[in-house]
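Below, each chain spelled out in residue letters.
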Amino acid sequence: MTAPDIRLVVADLDGTLLDERKQMPAETFALIRDLQAAGVAFAPASGRQWATIESMFHEVADDLVIIAENGAYVTHAGVEVAAHPLDPAWVSGAVRKTQGLADRGVDVGIVVCGIESAWIDRTDQPFLDQVEPYYRRLKVTEDLTSVDDTIIKLAVHDFGDLEAVTAPFLKEHAEQNPVAISGAHWVDVMAEGVNKGLAVRELQAEMGIDATQTMAFGDYLNDYEMLQAADWSFAMSNAHPDILDVANYTAPPNHENGVITTVRSVVGL
């Protein structure tokens, strides 16, 4: 059987490419180099900050596509492909409303995500332990409503039951902005229309390819639209049920290097 003409491989990180300890499989960089040699672009796609992803993939970053902040910021070989800022007035209002949750006893922390840095006003160690793995560039400010940066995402960490309280609250107040649940305790808000799927379509347009030439791997709800943008869409076998439903195929779980083995098998590397 002839291998399909794959030109773009997109993989979510946490729960998908990374193992259960959030570590990169040892074979990752070899795979990316083999793909690049075959004319196939590789794109990590994550809610993580661009600087964090770039640092993780520093060995192959020169020709890497990066989909950061759940699709709000996209680069190819270090050059910006797309950036989707939030309205600063909306951000200020949303921050104040979310701070009201904390005033009512909900254990939440806010990250205002800019292109230059991520910004926080909560500095206790439990919160920092949750934030620092995802945001390499991190600054503390006394006022999250007046951050001097281009804001591309608002992220909220809820130490309790995110889907019972904070996620519905943000959806109620998000207006036209999409709300993405990116983990058991993380929820993100981006600009209108922004998600990983939009980022994939922007890359497809930039590269002159289409969904038939695209592979995508995901495991959680913020991967939903990304999988819809690829004909070769794979849910990890341990993925969220909604992701298993939307994907065209299933890959072995992240702790069995499912992305790497599947890519090599399908692309023929």
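This text goes with the structure placed above it.
As a starting point, this report considers the structure included with it. Just so it is clear, the structure is predicted and the values come from calculations on it, not from any experiment.

## Concerning the environment of lysine 171
Move 1: Following the sequence through the fold, lysine 171 ends up in helix H6 (residues 166-173).
Move 2: C-alpha separation for the pair lysine 171 and glutamine 49, spaced 122 residues apart in sequence, amounts to 22 Å.
Move 3: Ignoring any residue separated from it by four or fewer positions in sequence, one finds lysine 171 in contact with Val179 and Ile181.

## Describing the packing of helix H2 (residues 28-37) against helix H10 (residues 258-267)
Move 1: As a packed pair, H2 and H10 sit with axes 11 Å apart at the nearest point and diverge in direction by 25°. When the axes of H2 and H10 are compared, the pair comes out roughly parallel. For H2 against H10, the interelement crossing comes out left-handed. Across the interface between the two elements, Thr28, Ala30, Leu31, Asp34 and Leu35 of H2 pack against Ile260, Val263, Arg264 and Val267 of H10.
Move 2: Taken together, the residues that form the contact of H2 with H10 break down as six nonpolar, one polar and two charged.

## Some thoughts on the pairing of strand E3 (residues 65-68)
Move 1: Of the two faces of E3, the one carrying Val65 and Ile67 and the one carrying Ile66 and Ala68 are both buried.
Move 2: Note that E3 and strand E4 (residues 73-76) share four bridges and pair antiparallel. In the sheet register, isoleucine 66 faces E4, and the bridge partner there is threonine 75.

## Here's the deal with the sheet that holds strand E8 (residues 138-140)
Move 1: Strand order in this open sheet of six strands is E8-E7-E6-E9-E11-E10, and the pairing throughout is mixed. Strands at the two margins of the open sheet, each flanked by one partner only, are E8 and strand E10 (179-181). Here the average twist between neighbouring strands, direction ignored, is 25°.
Move 2: Across four bridges, the pairing between strand E9 (residues 151-158) and strand E11 (residues 186-189) is antiparallel. Among the inter-strand pairings, alanine 155 is bridged to a residue of E11, identified as aspartate 188.
Move 3: The sheet contacts of helix H4 (residues 88-103) involve strand E6 (108-114), E9 and E11, and relative to E6 the element is tilted by about 165°.

## What about the pattern of salt bridges?
Here the idea is simple: oppositely charged side chains can pair when their charged atoms come close.
Move 1: This model, assessed by the stated rule, comprises 12 salt bridges.
Move 2: Here lysine 22 ties to aspartate 14 by a salt bridge, and the two come within 3.0 Å at their closest N and O atoms.

## As for the packing of aromatic side chains
Move 1: The tally for this structure, following the rule as stated, stands at seven aromatic pairs.
Move 2: Summarising the aromatic geometry, the rings of tyrosine 134 and tryptophan 186 are spaced 6.1 Å apart at their centres and angled 75° between planes, so their arrangement reads as edge-to-face. Within this pair, whereas tyrosine 134 is found in the loop between helix H5 (125-131) and E8, its partner tryptophan 186 is found in strand E11, the two being separated by 52 residues in sequence. Both residues of the pair, tyrosine 134 and tryptophan 186, belong to the buried class.
Move 3: Each member of the aromatic cluster is reached from another via a ring pair, and the members are Phe217, Trp232, Phe234 and Tyr249.

Reading guide: rules and limits
- Residues numbered from 1 in each chain as written.
- Predicted model: local features only at pLDDT ≥ 70, side-chain atom pairs only at ≥ 80, totals over all residues.
- Heavy atoms only, no water.
- Helix = DSSP H or I, 4+ residues; strand = E, 2+ residues; numbered from the N terminus.
- Contact = heavy atoms within 4.5 Å.
- Axes fitted to C-alpha atoms, helices over the stretch in contact; angles between N-to-C directions.
- Parallel < 35°, antiparallel > 145°, perpendicular 65-115°, else oblique.
- Left-handed = near helix turned anticlockwise from the far one by under 90°.
- Nonpolar A, V, L, I, M, F, W, Y, C, P; charged D, E, K, R; others polar.
- Buried < 20%, exposed > 50% of the residue type's maximum accessible area, 1.4 Å probe, protein only.
- Pairing = 2+ DSSP bridges.
- Salt bridge = Lys/Arg side-chain N within 4 Å of Asp/Glu carboxyl O.
- Phe/Tyr/Trp six-rings, centres within 6.5 Å; stacked < 30°, edge-to-face > 60°.

Just geometry here; none of it tells us what the structure is for.
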